[in-house]
Amino acid sequence: MNVQEKLAILADAAKYDASCASSGSKSTRSGSKIGSTEGMGICHSYTPDGRCVSLLKILLTNYCIYDCQYCVNRISSDTPRARFTVDEVVSLTMEFYKRNYIEGLFLSSGIIQNSDYTMEQLIAVAKQLRVNEHYGGYIHLKTIPNAAQALIEEAGRWADRLSVNIELPTEHDLQRLAPEKKKPQIVDAMQGIRSKIDETKSERKAGFKAPRFAPAGQSTQMIVGATETPDLEILKTASELYIGQKLRRVYYSAYSPIPHADARLPGQSPPLVREHRLYQADWLMRFYGFDANEIVADSDQNLSLDMDPKFAWALANRHFFPVDINKASREELLRIPGIGARNVGRILSIRRYKALRSSDLRKLRVAWNRAKCFVITADSNPNLENLDKTDLKSKASPKSRQLMLFDTASSALSGEV
Ligand code: SF4
């Protein structure tokens, strides 16, 4: 099998992994001659759901000794198999990079022989790129749970970001669909990365020249809709990982049906809007001070699909409103639908000099149609009388409009809700 044929198989096999984005890459490694993400002015591109599209995203191999039912690469699958050598991945990365096709490498793998052996192979690629090729671009390596801590430390030395995929939100889900995977082992692997990141940071703070360790932090992926587990459990697991393991990102990936799937798996993907709502809720937990239990209040423990989670929370908690734009705390302002974190910062600085009126909010380009029924401003706001009305949802919902082909929803990029 030639390299092109392997690439076709192994790039296709990697497409199910959403846990890559180079958002955490700040600077180029000093002394690197090739792969500078700053000096050459290369920009990172994101799809509307936040995924980075300019990485070479491949598996080292799609052979795997595990039998995770949701995965096309499981041992019992009859998918075509391939395996790159370390040299082939290094050469592909360099060739693609020099042609400006990619900005970095995302490398994952099925588990071959055992976790340590697989991890060694992934490390060999990253090390060869850094040491032999002087490659300074972005590298995201998948970490195999159960791999020795020494190997994880070695991986973090060469990679910008590491990720361990939790895949399913609960231990029960893992037992059903991925019996070889154990949540405590996955969390332990994350803990190992977190400890090393913390250690490196504190050594550097103390003035020691500690070698870099995964400067873009760690991330994970959760598959959504492969089981009946509701959004509340998914968000609780995400929150637990953000707090406990200081993850940079949790990526939510809607389950894609695979050929010859187990009967316990659904025959179709969940609606993509569910993935989008989870990203919005994730943003609320990380930057707006919301707790998972507050965001998902519905009796079926799932996020509403027809309105964003912040607006849904506001409708269910009308007693919290109206919020006075000129007096409320930062935490209160962050809860107003239609006013994002950036605008909260602007409001706080402007109101030190003047009292804000409705027209000022519109000039700040807050989503006035959504915010107007929830705020007190310096002038009289006639929309406030709608706060107790039963049709508040329709009055404050964004109007339907024809989407443009190139009209990227700004909230998808900025995360503001
Ligand atoms: S360990 Fe990874 S590659 Fe292997 S079957 Fe499970 S999800 Fe797929």
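Read on for a plain summary of the structure.

Definitions and cut-offs
Residues numbered from 1 in each chain as written. Predicted model: local features only at pLDDT ≥ 70, side-chain atom pairs only at ≥ 80, totals over all residues. Heavy atoms only, no water. Helix = DSSP H or I, 4+ residues; strand = E, 2+ residues; numbered from the N terminus. Buried < 20%, exposed > 50% of the residue type's maximum accessible area, 1.4 Å probe, protein only. Contact = heavy atoms within 4.5 Å. Expected span 1.5 Å × (residues − 1). Salt bridge = Lys/Arg side-chain N within 4 Å of Asp/Glu carboxyl O. Axes fitted to C-alpha atoms, helices over the stretch in contact; angles between N-to-C directions. Parallel < 35°, antiparallel > 145°, perpendicular 65-115°, else oblique. Left-handed = near helix turned anticlockwise from the far one by under 90°. Nonpolar A, V, L, I, M, F, W, Y, C, P; charged D, E, K, R; others polar. Phe/Tyr/Trp six-rings, centres within 6.5 Å; stacked < 30°, edge-to-face > 60°. Lys NZ or Arg CZ within 6 Å of the ring centre and 35° of its normal. Polar contact = N/O pair within 3.5 Å; in protein donor to acceptor, adjacent residues only side chain to side chain. Pairing = 2+ DSSP bridges. Core = buried A, V, L, I, M, F, W, Y, C linked by side-chain atoms within 4.5 Å. Domains from an automatic or database assignment.

**Examining the overall build of the protein**
The helix and strand inventory of the protein stands at 16 helices and eight strands. In the protein, which comprises 417 residues, the proportion classed as buried is 53%. A sequence separation of at least 24 residues applies to 69% of the contacts in the protein between residues at least 6 apart.

**So, helix α8 (residues 272-287)**
With 16 residues, α8 should cover 22 Å at 1.5 Å per step; its first-to-last C-alpha distance of 23 Å lies within 8% of that length. Taken together, the buried positions of α8 are Arg274, Glu275, Arg277, Leu278, Tyr279, Gln280, Ala281, Asp282, Trp283, Leu284 and Met285.

**Digging into unusual backbone geometry**
For the bond running from Phe321 to Pro322, omega is 0°, close enough to zero to count as cis. Counting through the fold element by element, Pro322 comes out in the loop between α10 (309-316) and β7 (323-324). In this structure, Asn146 takes a positive phi of about 85° despite not being glycine. Note that Asn146 resides in the loop between β3 (138-142) and α4 (149-158). Exposure remark for Asn146: the relative accessible area of 41% places this residue in the partly exposed category.

**Here we look at the pattern of salt bridges**
Scanning the model with the defined rule gives 16 salt bridges in all. Linking Asp360 and Lys354 is a salt bridge whose minimum nitrogen-to-oxygen distance equals 3.1 Å. Within this structure, Arg130, Asp160 and Arg212 form a network of salt bridges that share partners.

**Focus on the packing of helix α7 (residues 231-245) against α8**
As a packed pair, α7 and α8 sit with axes 11 Å apart at the nearest point and diverge in direction by 40°. Between α7 and α8, the interaxial angle falls into the category oblique. The two elements α7 and α8 meet at a crossing, and its hand is right-handed. Two secondary-structure elements touch here, α7 through Asp231, Ile234, Leu235, Ala238, Ser239 and Tyr242 and α8 through Arg274, Leu278, Ala281, Asp282, Met285 and Arg286. Residue composition of the contact of α7 with α8, by class: seven nonpolar, one polar and four charged.

**Structural notes on the packing of aromatic side chains**
Per the counting criterion, the structure on display carries ten aromatic pairs. With 6.4 Å between their ring centres and 90° between their planes, Phe311 and Phe374 make a pair best called edge-to-face. In this pair, Phe311 is assigned in helix α10 and Phe374 in the loop between α14 (368-371) and β8 (375-376), connecting sequence segments 63 residues apart. The pair Phe311 / Phe374 is uniform in exposure class, with both members buried. When the ring of Trp313 is compared with that of Phe320, the centres are 5.3 Å apart and the planes differ by 70°; the resulting orientation is edge-to-face. In this structure an aromatic cluster arises from ring pairing among Phe290, Phe311, Trp313, Phe320, Phe321 and Phe374. In this arrangement the basic side chain of Lys57 is found over the ring face of Phe106, its NZ or CZ atom lying 5.9 Å from the centre. Directly above the aromatic system of Phe290 lies the positively charged group of Arg335, at a separation of 4.0 Å from the ring centroid.

**Digging into the side chain of Lys372**
Looking at the element boundaries, Lys372 is found in the loop between α14 and β8. At 2.7 Å, the side chain of Lys372 forms a polar contact with the side chain of Asn369. Ignoring anything within four residues of it in the chain, the contact list for Lys372 reads Asn381, Asn383, Leu384 and Lys395.

**Overview of the sheet that holds strand β1 (residues 55-59)**
In spatial order, the strands read β1-β2-β3-β4-β5-β6; together these six strands make up an open sheet with parallel pairing. Both outer strands of the open sheet, β1 and β6 (249-254), are each paired with one neighbouring strand and no more. Each neighbouring strand pair of the sheet contributes to a mean axis angle of 20°, computed without reference to strand direction. Bridge analysis of β3 against strand β4 (residues 161-163) gives three bridges, and the strand direction is parallel. Bridging from a neighbouring strand, Leu141 pairs with Leu162 of β4. Running over the sheet, helix α3 (residues 115-132) touches β2 (104-108) and β3 and is turned about 170° from β3.

**A few points about the nonpolar core**
Ranked by size, the top nonpolar core spans 115 residues in total, and within it Tyr252, Ile336 and Phe374 carry the most contacts. The greatest single-element share of this core, amounting to seven residues, is contributed by helix α2 (residues 86-98). Both domain 1 (3-24 + 37-219) and domain 2 (309-414) contribute no fewer than three residues apiece to this core.

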